[in-house]
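Residues per chain are reported as follows:
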Amino acid sequence: MEKITKEVYLKWYEDMLFWRKFEDKLAAVYIQQKVRGFLHLYNGQEAVLAGALHAMDLSKDKMITAYRNHVQPIGMGVDPKRVMAELYGKVTGTSQGMGGSMHIFSKEKGFYGGHGIVGGQIPLGAGLAFADKYFKRDGVTICYMGDGAVRQGSLHETFNLAMLWQLPVVFVCENNGYAMGTSVARTSYSTEIWKLGLGYEMPCGPVDGMDPVTVAKEMSKAIERARSGGGPTFLEMKTYRYRGHSMSDAQHYRTKDEVEEYKKIDPITQVLDIIKEKEYASDDEIKTINKRVKDKVSECEKFAEESEYPPISQLYDMVYEQEDYPFLQHKL
Amino acid sequence: MKTIQFREAIAEAMSEEMRKDESIFLMGEEVAEYNGAYKASKGMLDEFGPDRVIDTPISELGFSGIAVGSAMNGNRPIVEFMTFNFALVGIDQIINNAAKIRQMSGGQFNCPIVFRGPTGSAGQLAATHSQAFESWYANCPGLKVVVPSNPRDAKGLLKAAIKDDDPVIFMESEQMYGDKGEVPEGEYTIPLGVADIVREGSDVTIVSFGKIIKEAHKAADELAKEGVNCEIIDIRTVRPLDFDAIINSVKKTNRLVILEEAWPFGNVATEITYQVQSQAFDYLDAPVQKINTADTPAPYSPVLLAEWLPNHQDVIKAVKKVLYK
Ligand SMILES: Cc1ncc(C[n+]2csc(CCOP(=O)(O)OP(=O)(O)O)c2C)c(N)n1
Ligand SMILES: [Mg+2]
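Conventions and cut-offs
- Residues numbered from 1 in each chain as written.
- Chains lettered and ligands numbered in written order.
- Predicted model: local features only at pLDDT ≥ 70, side-chain atom pairs only at ≥ 80, totals over all residues.
- UniProt positions renumbered as here; feature names shortened; annotations may be inferred.
- Helix = DSSP H or I, 4+ residues; strand = E, 2+ residues; numbered from the N terminus.
- Rg over C-alpha atoms; globule rule 2.2 N^0.38 Å.
- Buried ≥ 20, exposed ≤ 12 C-beta atoms within 10 Å, placed from the backbone.
- Contact = placed C-beta atoms within 7 Å.
- Domains from an automatic or database assignment.
- Pairing = 2+ DSSP bridges.
- Right-handed = clockwise from strand over helix to strand, strands pointing away.
- Expected span 1.5 Å × (residues − 1).
- Axes fitted to C-alpha atoms, helices over the stretch in contact; angles between N-to-C directions.
- Parallel < 35°, antiparallel > 145°, perpendicular 65-115°, else oblique.
- Left-handed = near helix turned anticlockwise from the far one by under 90°.
- Nonpolar A, V, L, I, M, F, W, Y, C, P; charged D, E, K, R; others polar.
- Near = placed C-beta within 6 Å.
- Core = buried A, V, L, I, M, F, W, Y, C linked by C-beta atoms within 7 Å.
- pLDDT = per-residue confidence, 0-100.

Going by the annotation in an unreviewed UniProt entry, the name recorded for chain B is Pyruvate dehydrogenase E1 component beta subunit, with Saonia flava given as the source organism. According to its UniProt record, chain B has this under Cofactor (unreviewed entry): "thiamine diphosphate".

Per an unreviewed UniProt entry, chain A goes by Pyruvate dehydrogenase E1 component subunit alpha and derives from Saonia flava. UniProt, in the comment section headed Function (unreviewed entry), describes chain A in these words: "The pyruvate dehydrogenase complex catalyzes the overall conversion of pyruvate to acetyl-CoA and CO(2)." In its Subunit (unreviewed entry) section, the UniProt record describing chain A reads: "Heterodimer of an alpha and a beta chain."

See the structure below:
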């Protein structure tokens, strides 16, 4: 793993702050009904992504996740303006407005979605790794899933196959404590999710998912194992989501105090504290970063607002590769 | 009569039957402590306790199968899917087990179970969260499929479904849970397999079901202003389907328009069309028209979704076409 230098801390701070503010902006425009459907925000979980990106080789590694997926592609290098435009349903969006909030994709940047069916991406992640192994490329796939998703049968079938075929994949459970309104404890006999790896003899373990340094170190070991032919790893990142599951969640299942407790170990604050302590940046320099982040978010909003909706004909342009597919008529 | 929400009708139906029959339980994601993802089981955990109102992990395959197994051994489960899109993960247990146990066991076991939850689109939720599965389940012998469109029918039909000794797929809509309507005060059920003529008319028959039927009502209101009298049939149960009600109506109006939120290939409207042309061919004064969702996965963008989903304007056009107007 590359050393975690001053530059890395500053990058982490700016990236994570941008992701946070990007999500906050989406929440705001959602309330104005400019963005519709479900909206699942990443606030609180940023360290899981920042640490992973540090350990990855973005020229060949891949990422796949569930529907809480706006900022991961941005981290992988996708233009955030296009992610915002996708949520607005505009033709300039990453999927030209076809996918919306839950379905961000970027073939170019190695981001494989953006999946709305809980657990559906777990076998897909292993499949991406299967192809890399098949073609003897040395890329590694990072496959994220929630604490709720590990209760899907797809995980168990995939874990066995990934071990059997020694696929170059890192399975990462982002345990943010809840699947919608259901805490891990209420739906799990064993609440130590990482132990699911044990039954398959998959290397596994718990990780502090609020600290990007710890995440980067653990991810790095797992990625190196996968890259050198050592097969999959399963990591349980202990993290927390600050906002509701989606936008319509009254959050009666937890206390405000619990949320405040986690904010004390907020990943952005943790990184900022180190920056200040080690004098990696002056207060003025931090202000400059904050301003840059704010401006970038505004640019995204402006771009999305000003973009056009797709033409109606696009409805039929996206389903098949075949260009003259004979669709049935559905109305006069 | 009293006025209640659709979600309250669902909760009342389940609660009333659970009070009478100890073997009934409700199982699903967020049904207990959260009172249902769409609050359709509000208060039920308090009343029946955690042994009978059971929160599950996100394990549709596991809990669907456990419910079917329990039904083979004395229970009468109600399984809630957060939406039927997610039932796909567990559909094997419904199609291969629930629907077939009775026949395969030579009638030794029956499977008195209700699988319920929302079907169809519900705004900009994109391709995987906007699918209508009525025709999929209705294609499968061994199942019954019920799709109410208002609180009164929802309550009466759900009670009948729970009492039914065969597996019933009971389909709702996220966009209907807040709808208000009148329901009778006392005990009542509505038999499965009986359509309802919800608006009488003489010029054209419009057949529909579920939440999309509202578009038929809007169309009929507009058309009435132009002197066109539409008869609207809410089939309510897709399997078994009350073909007689439709055929009798077509014999009167001689024209048929079917509105169904589903992909166009091989759907409920297709079967109705076949039955009508084979049983009432001589009565038809125009080819049957059907209106569906576009032959594509649901798009996210609002402008494309509006094109994808049928609306009352589409119904008006279809009615005018069968009337040669
Ligand atoms: C198969 C399936 N069942 C149910 C749902 C509805 N649903 C969407 S998100 C969610 C909770 C998932 O929680 P978790 O895996 O912990 O991820 P988080 O939202 O915390 O990121 C549920 C039940 C779904 N999308 N797919
Ligand atoms: Mg979670």
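Visitor: Can you explain the overall build of chain A? Please cite residues and give values.
Guide: Looking only at helices and strands, chain A has eleven helices and seven strands in total. Relative to the compact-globule value of 20 Å for 332 residues, chain A shows a C-alpha radius of gyration of 20 Å, a close match. Reported as C-alpha extents along the three principal axes, the dimensions of chain A are approximately 60 × 55 × 40 Å. Buried residues in chain A amount to 52% of all 332 residues. Counted over contacts in chain A with a minimum sequence separation of 6, partners at least 24 positions apart contribute 74%.

Visitor: Residues and numbers for the domain arrangement of chain B, please.
Guide: Residue and element names in this part refer to chain B. The domains assigned to chain B are domain 1 (2-183) and domain 2 (196-322). Each of domain 1 and domain 2 has a C-alpha centre, and the two are 26 Å apart. Taken together, the contacts link 23 residues of domain 1 with 21 residues of domain 2. Going through the elements one at a time, α7 (134-138), β6 (144-146) and α8 (151-163) are the ones with two or more residues in the side of domain 1 that touches domain 2.

Visitor: Explain the pairing of strand β13 (residues 256-259) of chain B to me, and be specific about the residues and the numbers.
Guide: Residue and element names in this part refer to chain B. Residue alternation in β13 divides its side chains into two sets, Leu-256 and Ile-258 and Val-257 and Leu-259, and both sets are buried. Sheet topology places strand β10 (residues 204-208) next to β13; three bridges connect them, and they run parallel. Among the inter-strand pairings, Val-207 is bridged to a residue of β13, identified as Ile-258. Examined bridge by bridge, β13 and strand β14 (residues 289-291) share three bridges and lie parallel to one another. Residue pairing for β14: Ile-258 is matched across the bridge by Lys-290. On the question of chirality, the crossover connecting β13 to the parallel β14 by way of helix α11 (residues 268-280) is right-handed.

Visitor: Break down helix α8 (residues 212-227) of chain A for me, with residues and values.
Guide: Residues and elements named next belong to chain A. The terminal C-alpha atoms of α8 lie 21 Å apart, and with 16 residues this matches the ideal 22 Å at 1.5 Å per residue to within 8%. Buried residues of α8: Pro-212, Val-215, Ala-216, Glu-218, Met-219, Ala-222, Ile-223 and Ala-226, and no others. Where the residues of α8 are buried, they touch α1 (6-31), α2 (46-55), β3 (169-175), β6 (204-208), β7 (233-238) and α10 (267-277). At the C-terminal side of α8, Gly-229 shows a positive phi close to 90°.

Visitor: Give a detailed account of unusual backbone geometry, specifying residues and quantitative values.
Guide: Peptide bonds are, in most cases, trans, and in most cases residues other than glycine have a negative phi. A cis amide bond, omega 20°, links Gly113(A) with the succeeding residue Gly114(A). Within the secondary structure, Gly114(A) is located in the loop between α4 (80-87) and α5 (121-134). In this structure, Pro240(B) follows Arg239(B) across a cis peptide bond, with omega equal to 0°. Note on placement: Pro240(B) falls in the loop between β12 (237-239) and α10 (243-253). The backbone of Gln251(A) sits at a positive phi, close to 60°, despite the residue not being glycine. With respect to the helices, strands and loops of the structure, Gln251(A) is situated in the loop between β7 and α9 (256-263).

Visitor: Please set out the sheet that holds strand β5 (residues 114-118) of chain B residue by residue, giving values where relevant.
Guide: Residue and element names in this part refer to chain B. Pairing in this open sheet of seven strands is mixed, and the strands run β3-β2-β4-β5-β7-β6-β12 from one edge to the other. Looking at which strands have only one partner, the edges of the open sheet turn out to be β3 (53-55) and β12. Mean inter-strand twist for the sheet, computed between neighbouring axes without regard to direction, equals 20°. The strands touched by α8 within the sheet are β2 (24-28), β4 (76-80), β5, β6 and β7 (168-172), with β7 carrying the most contacts at an inclination of about 160°.

Visitor: Please give an account of the packing of helix α9 (residues 213-225) of chain B against helix α13 (residues 312-322) of chain B that cites residues and values.
Guide: Two quantities define a packed helix pair, namely the angle between the helix axes and the distance between the axes. All names here are of chain B. With their axes 8 Å apart at the nearest point, α9 and α13 run at an angle of 55° to one another. On the basis of the axis angle, α9 is oblique to α13. Considering the relative orientation of α9 and α13, their crossing is right-handed. Every residue of α13 that contacts α9 at Glu-215, Ala-216, Lys-218, Ala-219, Glu-222 and Leu-223 is listed here: His-312, Val-315, Ile-316 and Val-319. Per-class residue counts for the contact of α9 with α13 are six nonpolar, one polar and three charged.

Visitor: For the sheet that holds strand β11 (residues 230-234) of chain B, give the residues involved together with the corresponding values.
Guide: Adjacent strands of a sheet pair through backbone hydrogen bonds, lying either parallel or antiparallel. All names here are of chain B. Taken in spatial order, the five strands of this open sheet run β9-β11-β10-β13-β14, and their pairing is mixed. Of all strands in the sheet, those bounded by a partner on one side alone are β9 (196-199) and β14. Each strand of the sheet is rotated relative to its neighbour by a mean of 25°, with strand direction disregarded. This element, α10, spans β9, β10, β11 and β13 of the sheet and lies at about 155° to β10. On top of the sheet, α11 reaches β10, β13 and β14; it is set at about 160° to β13, its chief contact.

Visitor: So what about the site of ligand 1? Which residues, and what values?
Guide: Near ligand 1 lie 20 residues; those nearest to it are Val118(A), Gly146(A), Gly148(A), Ala179(A) and Phe86(B). The class makeup of the residues in the shell around ligand 1 is ten nonpolar, six polar and four charged.

Visitor: I'd like a rundown of α5(A), residues and numbers included.
Guide: In an α-helix, one turn spans 3.6 residues, which is why side chains three or four residues apart end up on the same side. Residue and element names in this part refer to chain A. The end-to-end C-alpha separation of α5 is 20 Å, in line with the 20 Å expected for 14 residues at 1.5 Å each. Listing the buried residues of α5 in full gives Gln-121, Ile-122, Gly-125, Ala-126, Gly-127, Leu-128, Ala-129 and Asp-132. Buried positions along α5 lie against β1 (62-64), β2 (141-146), α6 (153-164) and β3. Just past α5, the residue Lys-136 takes up positive phi, approximately 55°.

Visitor: Got a sec to walk through the nonpolar core? Specific residues and values, please.
Guide: Counting 199 residues, the largest nonpolar core has Cys143(A) and Val170(A) as its most contacted members. A total of eight residues in this core trace back to one element, the largest contributor, which is α1(A). In terms of domain composition, this core takes at least three residues from each of domain 1 (2-183) and domain 2 (196-322) of chain B. Other than its neighbours up to four places away in sequence, Val170(A) contacts Val140(A), Ile142(A), Cys143(A), Met219(A), Ala222(A), Ile223(A), Ala226(A), Pro232(A), Thr233(A) and Leu235(A).

Visitor: Explain the interface of chain B and chain A residue by residue, including any values.
Guide: Interfaces are often sized by the amount of accessible area the parts lose when they come together. Residue-level contacts link 40 residues of chain B with 37 residues of chain A. Of all elements in the fold, only α3 (60-71), α12 (302-308) and α13 of chain B reach the threshold of two or more residues within the side of chain B that touches chain A. Looking at the side of chain B that touches chain A, the element that brings in the most residues is α12(B), giving five residues. Its residues placed into classes, the side of chain B that touches chain A shows 21 nonpolar, eleven polar and eight charged.

Visitor: So what's going on with the confidence of the model for chain B? Residues and values would help.
Guide: Per-residue confidence for chain B gives a mean pLDDT of 98, with 100% of residues at or over 70. Prediction confidence for the complex, expressed as pTM and ipTM, is 0.97 and 0.96 respectively.

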